[in-house]
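Residues per chain are reported as follows:
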Amino acid sequence: MKVATLQDVDTLLGLYNHRRDKIQNRIEEFKGNMEDSEEKIFAELCFCICTPQSKATASWKAISTLMENRLLYTGSEAEISSFLFGIRFRNRKAAYIVGARSFFTKKGRLGMKESLKAFNDIFRLREWLVKNVKGLGMKEASHFLRNMGLGLELAILDRHVLKNLKRAGVITDTQTILTKRKYVETERLMKSFAEKIDISMADLDLLLWSIETGMIFK
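Here goes a summary of the coordinates provided. Quick caveat: nothing in here was measured; it's all calculated off a predicted structure.

The rules behind each value
Residues numbered from 1 in each chain as written. Predicted model: local features only at pLDDT ≥ 70, side-chain atom pairs only at ≥ 80, totals over all residues. Heavy atoms only, no water. Helix = DSSP H or I, 4+ residues; strand = E, 2+ residues; numbered from the N terminus. Rg over C-alpha atoms; globule rule 2.2 N^0.38 Å. Axes fitted to C-alpha atoms, helices over the stretch in contact; angles between N-to-C directions. Parallel < 35°, antiparallel > 145°, perpendicular 65-115°, else oblique. Contact = heavy atoms within 4.5 Å. Nonpolar A, V, L, I, M, F, W, Y, C, P; charged D, E, K, R; others polar. Core = buried A, V, L, I, M, F, W, Y, C linked by side-chain atoms within 4.5 Å. Buried < 20%, exposed > 50% of the residue type's maximum accessible area, 1.4 Å probe, protein only. Expected span 1.5 Å × (residues − 1). Phe/Tyr/Trp six-rings, centres within 6.5 Å; stacked < 30°, edge-to-face > 60°. Lys NZ or Arg CZ within 6 Å of the ring centre and 35° of its normal. Polar contact = N/O pair within 3.5 Å; in protein donor to acceptor, adjacent residues only side chain to side chain.

Across its full length, the protein chain holds twelve helices and two strands. Shown N-terminal to C-terminal, the secondary structure of the protein chain runs as helices and strands in the order α-α-α-α-α-α-β-β-α-α-α-α-α-α. In terms of C-alpha radius of gyration, the protein chain reaches 17 Å, essentially the compact-globule figure of 17 Å for 218 residues. Dimensions along the principal axes, computed over C-alpha positions, put the protein chain at roughly 55 × 35 × 35 Å.

Before going further, it helps to spend a moment on the packing of helix α10 (residues 159-167) against helix α12 (residues 201-213). The interhelical angle for the contact between α10 and α12, taken along N-to-C directions, is 100 degrees, at an axis separation of 8 Å. In terms of their interaxial angle, α10 and α12 are classed as roughly perpendicular. From α10, His160, Val161, Lys163, Asn164, Leu165 and Arg167 reach across to α12, where they touch Asp205, Leu208, Trp209, Ile211, Glu212 and Thr213. Looking at the contact of α10 with α12, its residues break down into five nonpolar, three polar and four charged.

Moving on, we get to the nonpolar core. Counting 71 residues, the largest nonpolar core has Phe42, Leu45, Phe144 and Leu204 as its most contacted members. No other element matches the nine residues that helix α2 (residues 38-50) contributes to this core. If we ignore the near neighbours within four places in the chain, the residues touching Leu204 are Leu12, Met190, Phe193, Ala194, Ile197 and Ile199.

As a further point, take α12. Because an α-helix packs 3.6 residues into every turn, residues spaced three or four apart end up facing the same way. Taking 1.5 Å per residue, 13 residues should reach 18 Å; α12 reaches 18 Å between its end C-alpha atoms and fits that length. Among the 13 residues that make up α12, ten are buried, leaving the element largely enclosed by the rest of the structure. Within the span of α12, buried status applies to Met201, Ala202, Asp203, Leu204, Asp205, Leu206, Leu207, Leu208, Trp209 and Ser210. Phi for Gly214, located one or two positions after α12, is positive at around 80 degrees.

Right, let's get into unusual backbone geometry. One non-glycine residue, Gln53, lies in positive phi territory at about 60 degrees. Positionally, Gln53 belongs in the loop between α2 and α3 (56-68). Of note in the backbone geometry, Asp198 takes a positive phi value of approximately 60 degrees without being a glycine. Note on placement: Asp198 falls in the loop between α11 (180-197) and α12. You can call Asp198 exposed: its relative accessible area is 68%.

Quick look at the packing of aromatic side chains now. Enumeration according to the criterion identifies eight aromatic pairs in this entry. With a centroid separation of 6.2 Å and 65 degrees between ring planes, the pair formed by Phe83 and Phe85 is classed as edge-to-face. The class of Phe85 is exposed, set by a relative accessible area of 55%. Across from the ring centre of Phe89, 4.8 Å away, lies the NZ or CZ of Arg92, which sits over that ring. Note that Lys218 overlies the ring of Phe47, its terminal NZ or CZ placed 5.5 Å from the centroid.

Attention now goes to the side chain of Ser142. Relative to the elements of secondary structure, Ser142 occurs in helix α9 (residues 138-147). A residue is classified by how much of its surface remains accessible, and Ser142, at 0% relative accessible area, is buried. Within polar-contact distance, the side chain of Ser142 engages the backbone oxygen of Ala155 at 3.5 Å. When near neighbours in sequence (up to four residues on either side) are disregarded, Ser142 contacts Arg126, Leu154, Ala155, Ile156 and Tyr183.

Moving on: α9. In terms of residue burial, α9 counts as a mostly covered element, since ten of its ten residues are buried. Among the residues making up α9, those that are buried are Met138, Lys139, Glu140, Ala141, Ser142, His143, Phe144, Leu145, Arg146 and Asn147. Just beyond α9, the residue with positive phi is Gly149, at close to 75 degrees.

Nothing here speaks to function; it is geometry throughout.
Structural data, given as structure tokens:
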């Protein structure tokens, strides 16, 4: 495995120092998201369902529109799909959204908080989400939990993060379709690297993502 040079690490730390305040402000926002309404928490889940092979900004724009017109909470697959502009596999993802809505609806009301708070172990909660919510893989479940302020130690291994982990010498390849075993192993390597350079996992994730996209988003 290629070992990151001092110059590589110094460059990364320099970027982090420049973006630290914006990154940490965003993380503080994540920490408050569990206090939001059930509808907003469900919207975050739907956003994460939409992101695979689609831009995060386009995904959030589509979900925001569906929140405003209430179709996210009442619409059919066809109605939801018609608003997933710029989202790849939009029909399939619309079906996932309707399925997730049905799964988390109890007695006619959305209720995600109770399920999320039932787990003391974030890794078990991630596994439960992957098993029970169609459309969520390891990356998407990790993304959702991080955005809820619950999974700040989880890795969100999208192509932007993987590319920069390779650049830093943490991994040797950037394949974006990871088995569960490969995902966990890469997450472990990222955590070790984060500890080595004294940056939290959540901070490092947003930093690596921002290097490719030029923004600190969600």
